[in-house]
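Here are the chains, one letter per residue:
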Amino acid sequence: MTKTIIANIVPEETRMALLENGELMELSVERTESSNIVGNIYLGKIKNVLPGMQAVFVDIGRDKNAFLYTGDIFHAHLSPMTDEVLTEGQDILIQIIKDAIGNKGPRATTHLTLPGRYVVLMPTVDYIGISRRIGSEEERERLKLLAEKVRPAGMGIIVRTVAEGKTEEDLSKDIKYLSDLWSTLASRAKRSRAPILLYRDVNLIIRIVRDYLSADVDHFILDNQDAYDRVCDLLTFSGPELIPKVVLYKDKTDIFFHYGLDTALEKISQRVVWLKCGGYIVIDKTEALTVIDVNTGKFVGNTNLSETVLKTNIEAAVEIARQLRLRDIGGIIIIDFIDMDKEEHKKSILNALEEQLKRDRTKSNVLGLTALGLVEMTRKKARQNIENLLYADCHYCQGRGRIQSPETVAIRICRELRKLAGRPRVQGNLLIQSSPRVAQVLEKQVDLLKLRQGLARKLIIESNPAMHDEVFSIVYQDD
């Protein structure tokens, strides 16, 4: 499988696209004016302690307080603290683990982590973890022994996937940098006044180098000279063998347009996603969960119904895993595959879904089929998903995705006209202005003759292409 990372850097934003075998699989966007705060470490001040909700709200110096669940509060490498030992006005060191979404503020933890190239340092816990993506038990054991040897006393580390095959010196340099960084943060926290930002996670380009750029990536293509130079400088120390993979794009044509990504981006907000076989999936979101429905669509199959359903469902499972990554959908996800009678077919679908999700960097958990044949799963949600970043709710439909039909608006107009019949007499005709679609319904489907008789005046319908379908006006006009 070929992997390509493409980065587009302009003053207003940075965009990153991950392609696998030429297909867009992941997209990240970071805006200059509204960069995400996930990973940031703050010295915050407790504003509210709510025992009944097991919640603490912490002022971090932003417009929304951070939400801290008491089960996420650790102290001196011991068990979680209770809200009984917390008081309003108390200073507390926290890290943001989930960005603010909608009306909800960011979520925080006191379990701090500092990610490096090969390891993640955890200053508040005494623990060693190895990336689950490292499959070899022999290599896992080797890395665990190295980690035990080089980690700071009383601190924990997680060995990352890119550390596979690396030496003790590689891990030691990474840990030395992170432990020095922690010492600086801890020292600054002691002499600072809350609320204050102590540590800002690196920008998107550096996160790409840290989290994505590995031996299995074929090319990392950037269209900005300064960013290219910075990446090469970083790799000189952390991964010189990867420098040949970094390519500077010099063409004047927009890099995303050049690689045909603009068309793929336009489809991110589409509710219906068509499958190659002719079937399709429908993605609907609520505040609590995402629901995905699978349909056969145009696909009629070649053998029998059971095989047609199986083929559609397997192709849907592959596409669903891709859409979850591409749209960065998190939280609770319910999938309604086409009904299957055979148990082996149901297992095949679950296996196909789980196999595709293994390629996803974000942790997910497939819980299996419910009694109604629905697949339940969860996917970690940390940042605002890409669709919410690129799109806003329509100010006409208020995010419903639907507006009143022309027939409904025409009936509203008739009701308003009947109200006028009982009011004091005003001279003149009535001019009704509406959109062309509503005007057409008024002229063809409404009994205007009865309305005119009830109002004892002439009705004039005027079609205005500039008017929205839900908007109309009724005004008096001189005879």
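Rules used in this analysis
Residues numbered from 1 in each chain as written. Predicted model: local features only at pLDDT ≥ 70, side-chain atom pairs only at ≥ 80, totals over all residues. Heavy atoms only, no water. pLDDT = per-residue confidence, 0-100. Contact = heavy atoms within 4.5 Å. Axes fitted to C-alpha atoms, helices over the stretch in contact; angles between N-to-C directions. Helix = DSSP H or I, 4+ residues; strand = E, 2+ residues; numbered from the N terminus. Parallel < 35°, antiparallel > 145°, perpendicular 65-115°, else oblique. Left-handed = near helix turned anticlockwise from the far one by under 90°. Nonpolar A, V, L, I, M, F, W, Y, C, P; charged D, E, K, R; others polar. Phe/Tyr/Trp six-rings, centres within 6.5 Å; stacked < 30°, edge-to-face > 60°. Buried < 20%, exposed > 50% of the residue type's maximum accessible area, 1.4 Å probe, protein only. Lys NZ or Arg CZ within 6 Å of the ring centre and 35° of its normal. Pairing = 2+ DSSP bridges. Polar contact = N/O pair within 3.5 Å; in protein donor to acceptor, adjacent residues only side chain to side chain. 1 Å grid on protein atoms, 1.4 Å probe; cavity = no way out; pocket = protein on both sides within 12 Å on 5 of 7 lines; lining within 4 Å. Points joined across faces, edges and corners; volume = space filled by probe spheres on them. Patch = residues over 30% accessible without salt bridge, like charges linked within 9 Å, V, L, I, M, F, W, Y side chains within 5 Å. Areas by Shrake-Rupley, 256 points an atom, 1.4 Å probe, with all protein chains shown as cover. Salt bridge = Lys/Arg side-chain N within 4 Å of Asp/Glu carboxyl O. Lys, Arg positive; Asp, Glu negative; His and termini not counted. Charge placed at Lys NZ, Arg CZ, Asp CG, Glu CD. Core = buried A, V, L, I, M, F, W, Y, C linked by side-chain atoms within 4.5 Å. Arc of directions from axis to C-beta.

A. Quick peek at the confidence of the model for the protein. In the predicted model, the protein carries a mean pLDDT of 88, and 95% of its residues have values of at least 70. Here residues 76-80 is a poorly scored stretch, pLDDT under 50, and it has ten contacts once near neighbours within four places are set aside; other chains count.

B. Just the packing of helix α1 (residues 137-150) against helix α2 (residues 168-191), in detail. Relative to each other, α1 and α2 sit at 45 degrees, their axes nearing to 10 Å. Classified by the angle their axes make, α1 and α2 are oblique. Between α1 and α2 the crossing geometry is right-handed. The segment α1 lies against α2, with Leu146, Lys149 and Val150 engaging Glu168, Leu171, Ser172 and Ile175. Of the residues contributing to the contact of α1 with α2, the split by class is four nonpolar, one polar and two charged.

C. Representation of the packing of aromatic side chains. All chains considered together, the criterion is met by three aromatic pairs. Arranged with centres 6.4 Å apart and planes meeting at 50 degrees, the rings of Tyr249 and Tyr259 form a pair that is tilted. Within this pair, whereas Tyr249 is found in the loop between β15 (246-248) and α5 (255-258), its partner Tyr259 is found in the loop between α5 and α6 (261-266), the two being separated by ten residues in sequence. Its relative accessible area of 34% is what places Tyr259 among the partly exposed residues. The ring of Phe256 has Arg15 sitting right over it, with the charged end atom 4.0 Å from the ring centre.

D. Quick peek at the sheet that holds strand β12 (residues 156-159). Here we have four strands laid out as an open sheet, ordered β9-β10-β12-β11, and mixed in their pairing. Both edges of this open sheet fall to β9 (114-115) and β11 (128-130), since each of them pairs with a single strand only. Across three bridges, β11 lies against β12 in parallel orientation. By the bridge assignment for β12, Ile128 is matched with Ile157.

E. Quick peek at the environment of Gln95. Position of Gln95 among the secondary structure elements: in strand β7 (residues 91-98). When its relative accessible area of 3% is taken as the criterion, Gln95 is described as buried. Separated by 15 residues in the primary sequence, Gln95 and Thr110 place their C-alpha atoms 6.2 Å from one another. A distance of 2.9 Å separates the side chain of Gln95 from the backbone oxygen of Gly39, its partner in a polar contact.

F. Region of the structure containing the layout of surface pockets. Considered as a void within the structure, the second largest pocket measures approximately 670 Å³ in volume. Taken together, 26 residues line the second largest pocket, and the ones lying closest to its centre are Arg117, Asp174, Tyr177, Leu234 and Ser238. Looking at the lining of the second largest pocket, the elements with two or more residues in it are α2, α3 (204-211) and α4 (225-238). The element best represented in the lining of the second largest pocket is α2, accounting for six residues.

G. The arrangement of a positive patch on the surface in detail. Together, Arg132, Arg133, Arg361, Lys363 and Lys380 give the surface a local cluster of positive charge. Tracing the chain through its elements places Lys363 in the loop between α8 (343-357) and β20 (364-369). With relative accessibility at 56%, the residue Lys363 sits in the exposed group.

H. Molecular detail of empty space enclosed by the protein. For the coordinates displayed, the defined rule picks out one cavity of 30 Å³ or more. Taken as a whole, the largest cavity spans an internal volume of roughly 30 Å³. Around the largest cavity, the lining residues are Met25, Val318, Ala321, Arg322, Arg325, Gln356 and Arg359. Sorting elements by how many residues they give to the lining of the largest cavity places helix α7 (residues 305-327) first, with four residues. Partitioned by chemical class, the residues of the lining of the largest cavity number three nonpolar, one polar and three charged.

I. The packing of α3 against α4, seen in detail. One can describe the packing of α3 onto α4 by two numbers: an axis separation of 10 Å at closest approach and a directional angle of 35 degrees. Crossing geometry of α3 relative to α4 is assigned as right-handed. Here Ile205, Ile206 and Val209 of α3 come into contact with α4, specifically with Arg230, Val231, Leu234 and Leu235. The class makeup of the residues in the contact of α3 with α4 is six nonpolar, no polar and one charged.

J. Structural view of the nonpolar core. Formed by 29 residues in total, the largest nonpolar core has its most connected members in Leu114, Leu121, Leu171, Trp182 and Leu185. Contributing elements (two or more residues each) for this core: β4 (41-50), β10 (119-122), β11, α1, β12, α2 and β13 (196-199). Sorting elements by how many residues they give to this core places α2 first, with seven residues. Dropping the residues within four chain positions of it, Trp182 is found in contact with Leu93, Leu112, Leu114, Leu121, Pro123 and Met155. In terms of nonpolar packing, the next biggest core, distinct from the first, is built from 28 residues, Val273, Ile329, Ile333 and Ala352 among them.

K. How the structure looks around the pattern of salt bridges. According to the stated counting rule, one finds 28 salt bridges in the structure shown. Its salt-bridge partner being Glu20, residue Arg325 comes within 3.1 Å of it at the nearest N-O pair. Linking Arg325 in helix α7 with Glu20 in strand β2 (residues 13-20), this pair joins segments that are 305 residues apart in sequence. Of the two residues, Arg325 and Glu20, neither departs from the other in class, the shared state being buried. Here Arg322 ties to Glu23 by a salt bridge, and the two come within 3.4 Å at their closest N and O atoms.

L. Geometry of helix α11 (residues 436-445). All of the buried residues in α11 are Val438, Ala439, Val441 and Leu442. All buried residues of α11 lie within an arc of 160 degrees about the axis, which places them on one face of the element. Residues of α11 that are exposed and point more than 90 degrees away from the buried face comprise Glu443 and Lys444. Contacts made by the buried residues of α11 are with α10 (406-421), β22 (429-434), α12 (448-455) and β23 (459-463).

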